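A structural walkthrough
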Amino acid sequence: MAQKLPIDSNINSPNQVPIFRTAKPSSEFYTVFSEAEVLGIVQALESRREIPLKYSYKGQGAKIWDSFYLKYIVPTWYRTSNVEIDLLKSNFAYLNGDYQQCEKVNIIDVGAGNSYPVKAFISRLQKIDKIDKYIALDISDELLKVSSKNFKKWFPLIDYTNYAIDIENNKIPENIFKNQLENTANIFLHLGVTIANHHDRHQVFQNFRDSMAQNDLLVFTNEIGSNSQWDGIARGGCKYHADQVYGWLTNNLGMEAEDCELVRRYDPAKDSIVANLKLRQNYTINFSYLGIDKSLEISAGEEITIWRHHKFEIPTLIQEIEQAGLKLVHYSTNKYSSHLMVICETASK
């Protein structure tokens, strides 16, 4: 935990050297993340004052996300609609193999989470005997365990496999596609408006493009609108998920709760809505893990981005996917025109 200093220790005269409190990440922090991931966090903190949101789904973060999804997103008697489920249903004609004139499809769910969004969709494919395999990919081993448990309970007769992968840093390994049946297409799903949370969307689109064959489709969802017109009211993930991520990080980075605050704002540099951990005191964060020995000084008043979300305006979205070598096949919006589902193929088709 942080070393406590007198409450006025951070008030310095012009000639006084600033005093920094010391924070040491917890043992749980180092248990959750690999050495490469710790280095990724250190690099992101050092270069752009960010802890990428993708890391929040690991360890205890998997339970946080699963609980958030089940509480606020899964349809219930008082909330009968779900954006992902509804959009998959309304776009089924493009997602059952007919568009590619294929007998079967493999569903490759990237950022699968707990696999709830695809349950009704997979059931519909199974009824018409169109699905061969379901492959769940996620950065979080813990969420893949949840996915496996859920999917095998729902669909014990469908071939299920999963792999841990960070789609922002890697294309999808070719061995995932081994033993693929002839006349079968792959449909890559990236649901949950996850594309909006990535720091480098272009690299994610490019990694998908480099993983796709000529007959494959990429399907993703996102919110529509102007980020700069945000009304300042935290809703959905910006409220409930960001709250939980903030709590986990402050506990496990070793900072005192009273030395931090959670702020949400529009980030013009990235044209995104962000949730930031703002420091009220100077801090040195000491990372010490296996071969890693790195200290970062972060001054009072600085902010660390821990959650981000980007809405798309449709012309900009089309431009981004084309820059990555993808081609728009179709898109549709939900009944409120707040979200859209986008279906792409490779531009070389």
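Below you will find a few notes about this structure. Quick caveat, the model's predicted, so the values are computed rather than measured. (Residues numbered from 1 in each chain as written. Predicted model: local features only at pLDDT ≥ 70, side-chain atom pairs only at ≥ 80, totals over all residues. Heavy atoms only, no water.)

**Remarks on unusual backbone geometry**
The phi dihedral of Arg49 is positive, around 55°, even though this residue is not glycine. Assignment of secondary structure puts Arg49 in the loop between helix H2 (35-48) and helix H3 (60-72). (Helix = DSSP H or I, 4+ residues; strand = E, 2+ residues; numbered from the N terminus.)

**Focus: the sheet that holds strand E13 (residues 339-346)**
Taken together, 7 strands build an open sheet; the order of strands is E4-E3-E2-E5-E6-E13-E12 and the sheet is mixed. Only two strands of the sheet have a single neighbouring strand rather than two, namely strand E4 (159-164) and strand E12 (326-333). Strand-to-strand twist of the sheet, defined as the mean angle between neighbouring strand axes without regard to direction, takes the value 20°. In the sheet, strand E5 (residues 184-190) pairs with strand E6 (residues 217-223) via 4 bridges, with the strands oriented parallel. Bridging across to E6, Leu189 finds its partner in Val219. Across the sheet, helix H6 (residues 141-154) touches strand E3 (131-138) and E4, and the angle it forms with E4 is around 175°. (Pairing = 2+ DSSP bridges. Axes fitted to C-alpha atoms, helices over the stretch in contact; angles between N-to-C directions. Contact = heavy atoms within 4.5 Å.)

**Examining the sheet that holds strand E9 (residues 283-289)**
On the basis of which strands lie adjacent, the open sheet formed by 3 strands has the order E1-E9-E10 and mixed pairing. One side of each edge strand has no neighbouring strand; the edge strands of this open sheet are strand E1 (21-23) and strand E10 (292-298). Shown here is a sheet whose adjacent strand axes are inclined to one another by a mean of 20°, direction ignored. Relative to E10, E9 is paired through 7 bridges, and the arrangement is antiparallel. The partner of Asn286 across the bridge, within E10, is Ser295.

**Points about the packing of aromatic side chains**
Applying the stated rule across the entire model yields 21 aromatic pairs. For the ring pair Phe29 and Tyr30, a centre distance of 5.4 Å and an interplane angle of 85° mean the geometry is edge-to-face. Summarising the burial analysis for this pair, Phe29 and Tyr30 share the class buried. A centroid spacing of 5.6 Å and a plane angle of 85° characterise the contact between Tyr57 and Trp65, whose relative ring orientation is edge-to-face. Given a relative accessible area of 14%, Tyr57 falls into the buried group. Ring-pair connections join several aromatic residues into one group, and the members of that group are Tyr57, Trp65, Phe68, Tyr69, Tyr116, Tyr134, Phe151, Trp154, Phe155 and Tyr160. The ring of Phe92 carries the charged tip of Arg124 above its face, separated from the ring centre by 4.0 Å. (Phe/Tyr/Trp six-rings, centres within 6.5 Å; stacked < 30°, edge-to-face > 60°. Buried < 20%, exposed > 50% of the residue type's maximum accessible area, 1.4 Å probe, protein only. Lys NZ or Arg CZ within 6 Å of the ring centre and 35° of its normal.)

**Some points on the pattern of salt bridges**
Taken as a whole, this structure holds 18 salt bridges when the rule is applied. Taking the shortest distance from any N to any O, the salt bridge between Asp259 and Arg21 comes out at 2.8 Å. Of the two residues, Asp259 is situated in the loop between helix H8 (236-253) and strand E7 (260-267) and Arg21 in strand E1; the sequence distance between them amounts to 238 residues. Of the two residues, Asp259 and Arg21, neither departs from the other in class, the shared state being buried. Among the ionic pairs, Lys239 bridges to Asp243, the shortest N-O distance being 3.3 Å. (Salt bridge = Lys/Arg side-chain N within 4 Å of Asp/Glu carboxyl O.)

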